[in-house]
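Chain residues, written in single-letter form:
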Amino acid sequence: MSEAYKKQKIDSFDYYDPPENYQPPVQQLDQSKVIEAYKTLIMLKNHMFKVNLLLSHEEENTTIAELKNIKDELLLAKEAQEKEIASLQKTQDNLFSVNRLNGEDIDKLAKAYHEQDRKWYNAKLIQIDTEEQEADIQFIGYQEVVKMHAIFIKVQPIPDNKLFTVGQQCEAIYSSDGRYYLGTIEKVTEEGYHIRFKKNSNREIVPLIYLREAKKQLNDSKKMNFEEMDEFQVPDNLKYLPTDNEQQRQAKKKKIKAMKQTFKLSKITKYAQEKQSSWQSFSQKISTLKPDLGQKAETIYRQKCDQLKE
């Protein structure tokens, strides 16, 4: 971050936590045009929100029809703007946020984009202007409050408190530098979660929004014992939350799809392992009676495996 910010930094650990979903802006593009295109998209979405709000309360048929026409035009404009953004940045991936801010986002955790560093840092939402789609944010670990447009702010979902219990390891944001570090939950009170950080045994009380599952636990969830499962079950950390935005839902959807494929392959492997010895025994037995029957048995077995893979 800039020197002005660095001067306010307190007792920072020598540790770098790469921001999630960070994609550095594509080189050799007109970043000012890209930024304006994103702002236009947010403006269209904000207009759409207002129209939907009016439709939910309007009773006059003539006005309802007029609002629906406006909504259709906004939808077309939004789709055109999304194509324009993809064309400008030469990628379908979103370099900035495409979600509008709302009043309920105040006091939530966010990833805020620092234009000078071209990186996303953990920040807290202090105040939101829903009309202008701007917010006052404070980078965690720094005193200064900065005003930013919605495209530079990715509001983070509130974690499920069921995932964090006393004695459990987790990752928590250290208030001095705004980065995540491994720690242990020692106590849970009305004040928050009492964390003892593993790095230097420092203790802090942090809110729920500063917590996330430890990477080791996330990796363990990826290594679920599918062989013991009769049917696929979505792990808690990938279940959709009401606070998830579209990008977060799509990310979870991709992970769930990959896990389902792994589950299916594990069932095929288990089936193969369970049947292999019996098929081999059967093949050997019938081959003594008629040589080509052993080959037929193996063919049937392969066909069954192929059917399971489809």
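The protein carries the name Tudor domain-containing protein in an unreviewed UniProt entry, which gives Paramecium pentaurelia as its organism.

Draft legend 1. Focus on the sheet that holds strand E4 (residues 145-149). In space, the five strands of this open sheet follow the order E4-E3-E2-E1-E5, with antiparallel pairing throughout. Single-partner strands in this sheet number two, and they are E4 and strand E5 (153-155). Mean inter-strand twist for the sheet, computed between neighbouring axes without regard to direction, equals 45 degrees. Summarising the sheet, strand E3 (residues 134-139) and E4 pair through five bridges and their orientation is antiparallel. Bridging from a neighbouring strand, Asp136 pairs with Lys147 of E4.

Draft legend 2. Expanded view of the UniProt feature "coiled-coil region" (unreviewed entry) in the protein. If you check UniProt for "coiled-coil region" (unreviewed entry), the listed places come out as residues 64-91 in our numbering. Helix makes up 93% of residues 64-91 and strand 0%, and the two end C-alpha atoms of the span are 37 Å apart.

Draft legend 3. Summary view of the nonpolar core. Tyr38, Phe96, Ile137, Phe139, Met148 and Ile153 are the most contacted members of the largest nonpolar core, which has 30 residues in total. Elements supplying a minimum of two residues to this core: helix H2 (31-57), strand E1 (109-114), strand E2 (119-129), E3, E4 and E5. Per element, the largest residue contribution to this core is six residues, and it comes from H2. Excluding residues within four positions of it along the chain, Ile153 makes contact with Ser97, Leu101, Ala110, Lys111, Trp120, Leu125, Ala135, Ile137 and Met148.

Draft legend 4. Molecular detail of the packing of aromatic side chains. Counted by the stated rule, this structure contains nine aromatic pairs. Taken together, a centroid distance of 5.5 Å and an interplanar angle of 90 degrees make the contact between Phe96 and Phe152 edge-to-face. Of this pair, Phe96 sits in the loop between helix H3 (61-89) and E1 while Phe152 sits in the loop between E4 and E5, and the two are 56 residues apart along the sequence. Across the pair, Phe152 and Phe96 agree in class, each one buried.

Draft legend 5. The arrangement of the sheet that holds strand E8 (residues 192-197) in detail. Pairing in this open sheet of five strands is antiparallel, and the strands run E9-E8-E7-E6-E10 from one edge to the other. Both edges of this open sheet fall to strand E9 (203-206) and strand E10 (211-213), since each of them pairs with a single strand only. On average, each strand axis in the sheet is tilted by 45 degrees relative to the strand beside it, whichever way the strands run. By the bridge criterion, six bridges tie strand E7 (residues 179-189) to E8 in an arrangement that is antiparallel. Within the sheet, the bridge partner assigned to Val188 lies in E8 and is Tyr193.

Draft legend 6. Here's a closer look at the side chain of Ser97. With respect to the helices and strands, Ser97 occurs in the loop between H3 and E1. In this structure Ser97 comes out as buried when scored by relative accessible area, which is 2%. Polar contacts involving the side chain of Ser97 include one to the main-chain amide nitrogen of Asn99, which spans 3.3 Å. Polar contacts involving the side chain of Ser97 include one to the main-chain carbonyl oxygen of Ile153, which spans 3.2 Å.

Draft legend 7. Spatial organisation of the pattern of salt bridges. All chains considered together, the criterion is met by seven salt bridges. Between Arg212 and Glu171 there is a salt bridge, with its nearest N and O atoms 2.7 Å apart. Note that Arg212 is positioned in strand E10 and Glu171 in strand E6 (residues 169-174), a separation of 41 residues in sequence. The exposure class of Arg212 is buried, given its relative accessible area of 16%. Note that Glu186 and Arg196 form a salt bridge whose closest N and O atoms lie 3.1 Å from each other. Note that Glu186 is positioned in strand E7 and Arg196 in strand E8, a separation of ten residues in sequence. By relative accessible area, which is 33% here, Glu186 ends up partly exposed. Classification of Arg196 as partly exposed rests on a relative accessible area of 28%. Connected through salt bridges with shared partners, the residues Glu186, Arg196 and Arg203 form a single ionic network.

The rules behind each value
- Residues numbered from 1 in each chain as written.
- Predicted model: local features only at pLDDT ≥ 70, side-chain atom pairs only at ≥ 80, totals over all residues.
- Heavy atoms only, no water.
- Pairing = 2+ DSSP bridges.
- Helix = DSSP H or I, 4+ residues; strand = E, 2+ residues; numbered from the N terminus.
- Axes fitted to C-alpha atoms, helices over the stretch in contact; angles between N-to-C directions.
- UniProt positions renumbered as here; feature names shortened; annotations may be inferred.
- Core = buried A, V, L, I, M, F, W, Y, C linked by side-chain atoms within 4.5 Å.
- Buried < 20%, exposed > 50% of the residue type's maximum accessible area, 1.4 Å probe, protein only.
- Contact = heavy atoms within 4.5 Å.
- Phe/Tyr/Trp six-rings, centres within 6.5 Å; stacked < 30°, edge-to-face > 60°.
- Polar contact = N/O pair within 3.5 Å; in protein donor to acceptor, adjacent residues only side chain to side chain.
- Salt bridge = Lys/Arg side-chain N within 4 Å of Asp/Glu carboxyl O.

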